[in-house]
Amino acid sequence: GDSVTQMEGPVTLSEEAFLTINCTYTATGYPSLFWYVQYPGEGLQLLLKATKADDKGSNKGFEATYRKETTSFHLEKGSVQVSDSAVYFCALSASWGKLQFGAGTQVVVTP
Amino acid sequence: ETGVTQTPRHLVMGMTNKKSLKCEQHLGHNAMYWYKQSAKKPLELMFVYNFKEQTENNSVPSRFSPECPNSSHLFLHLHTLQPEDSALYLCASSLSELAGYNEQFFGPGTRLTVL
């Protein structure tokens, strides 16, 4: 079945460091891919998405490119801030509809 | 502001109590979802409603009973819960359950503690 695998956390970084969170997927067909973010005490918010191969999603300085050849959708940000501390979820939407989430990666950014 | 509200935000209940969680979406969506988020565990999909019809029950115990009276409102009725049911319960909505329209918008969640 469809699945999403993302790197385990916590990932601890200093402010202004480069962030990468790896996400790979298994799916039949051509899924859409998403990154959601959950700040402490809140629900999940859509961060960015890509609906077809080679699409790049971007928002708030974060980027992810849909790589069909490597079945990946890695999240990157060039210079993190303390306010980026959160849990990040990679997700896919397969052709038959269900949204499948990864386990989440906690990111901690220290001043 | 996500357009999906949940009440209450926090709930403490005993194992013999009956309570309900409420979710309301102001986005004109037709699909609504309940998720359970426990510490150290992946997000668990519990129920899905599409155009007020339940389309998914992910082997959820009967002590959780959903209700969707219209496309804007979703309830989760709770009775005789167990301490292991303590978790953050998240509601979400999307335009439809169908692929291509199922980008989900989440509420802030209800933090439930069962004593």
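Higher on the page you've got the structure.
**Q** How do you make sense of the packing of aromatic side chains when you look at a structure like this?
**A** Note on aromatic pairs: each is described by the distance of the centres and the angle between the planes. All chains considered together, the criterion is met by 11 aromatic pairs over all chains. On the basis of an interplanar angle of 85 degrees and a centroid distance of 6.1 Å, the ring pair of tyrosine 25 of chain A and tyrosine 66 of chain A is categorised as edge-to-face. One end of the pair, tyrosine 25 of chain A, is in strand S4 (residues 23-26); the other, tyrosine 66 of chain A, is in the loop between strand S8 (62-65) and strand S9 (75-77), and 41 residues separate them in sequence. Given a relative accessible area of 7%, tyrosine 25 of chain A falls into the buried group. Aromatic pair phenylalanine 101 of chain A and phenylalanine 106 of chain B: ring centres 6.0 Å apart, planes at 75 degrees, arrangement edge-to-face. Taken together, the positions of phenylalanine 101 of chain A in strand S11 (residues 99-101) and phenylalanine 106 of chain B in strand S10 (residues 105-106) put the pair across two chains. Across the pair, phenylalanine 106 of chain B and phenylalanine 101 of chain A agree in class, each one buried. An aromatic cluster is defined as three or more aromatic residues linked by ring pairs; in this entry it consists of Phe34, Tyr36, Phe89 and Phe101 of chain A together with Tyr33, Tyr35 and Phe106 of chain B.

**Q** For this particular structure, what's the right way to read the environment of serine 38 of chain B?
**A** Residues and elements named next belong to chain B. The residue serine 38 is located in the loop between strand S4 (31-37) and strand S5 (44-50) in this model. Along the chain, serine 38 and histidine 79 lie 41 residues apart, while their C-alpha atoms are 19 Å from each other. Leaving out residues up to four positions away in the same chain, serine 38 has contacts with Glu44, Ser86 and Ala87.

**Q** Can you walk me through the state of the cysteines in this structure?
**A** Structurally, a disulfide amounts to a covalent bond that connects the sulfur atoms of two cysteines. This model, assessed by the stated rule, comprises 2 disulfides over all chains. Across the disulfide from cysteine 23 of chain A sits cysteine 90 of chain A; the S-S distance is 2.0 Å. On the S-S bond that ties cysteine 23 of chain A to cysteine 90 of chain A, the torsion sits near -70 degrees, and the link is left-handed. Taken together, the residues span a long stretch of sequence, with cysteine 23 of chain A in strand S4 and cysteine 90 of chain A in strand S10 (residues 86-93) at a distance of 67 residues. Across the pair, exposure class does not vary: cysteine 23 of chain A and cysteine 90 of chain A are buried alike. Residue cysteine 23 of chain B pairs covalently with cysteine 91 of chain B via a disulfide, S to S 1.9 Å. Measuring handedness by torsion sign, the sulfur bridge of cysteine 23 of chain B and cysteine 91 of chain B sits at about -70 degrees and is left-handed.

**Q** Just to check I follow, could you spell out the interface of chain A and chain B for this structure?
**A** Interface size is often expressed as the accessible area that is lost when the parts come together. Contact residues are listed per partner, giving 18 residues for chain A and 18 residues for chain B. Across the chain A/chain B interface, buried area totals approximately 1,300 Å², and carbon plus sulfur atoms make up 53% of it. On the surface where chain A and chain B come into contact, there are 1 salt bridge. Between lysine 49 of chain A and glutamate 103 of chain B there is a salt bridge, with its nearest N and O atoms 2.5 Å apart. For the side of chain A that touches chain B, the residue count by class is 9 nonpolar, 6 polar and 3 charged.

Calculation rules
Throughout, a residue's number is its position along its own chain's written sequence, starting from 1. Each chain is given a letter, starting from A, and each ligand a number, starting from 1, according to the order in which they appear as written. Per-residue local features are limited, in this predicted model, to residues with pLDDT of at least 70; the limit for side-chain atom pairs, both in listing and counting, is 80 or more; totals at the level of whole chains, interfaces and linings are taken over all residues. The basis for every side-chain value is the complete set of heavy atoms in the structure, and neither hydrogens nor water enter the calculation. Pairing of aromatic side chains here covers Phe, Tyr and the six-membered ring of Trp, requires ring centres within 6.5 Å, and sorts the geometry by plane angle: under 30 degrees stacked, over 60 edge-to-face, intermediate tilted. Helix and strand assignments follow DSSP, with helices taken as H or I runs no shorter than four residues and strands as E runs no shorter than two, numbered in order from the N terminus. Buried residues are those whose accessible area, probed at 1.4 Å on protein chains only, stays under 20% of the maximum for their type, while exposed residues exceed 50% and partly exposed ones sit between those limits. Any two residues having at least one pair of non-hydrogen atoms within 4.5 Å are treated as being in contact. Put simply, a disulfide is two cysteine sulfurs that come within 2.5 Å. Once two parts are joined, some of their accessible surface, as seen by a 1.4 Å probe, is lost; buried area is that loss totalled over both. For salt bridges, the criterion is a side-chain nitrogen of Lys or Arg within 4 Å of an Asp or Glu carboxyl oxygen. Any residue outside Ala, Val, Leu, Ile, Met, Phe, Trp, Tyr, Cys, Pro, Asp, Glu, Lys and Arg is labelled polar, Gly included; the first ten of those are nonpolar and the last four are charged.

Take it as geometry only, folks, not as evidence of what the structure does.
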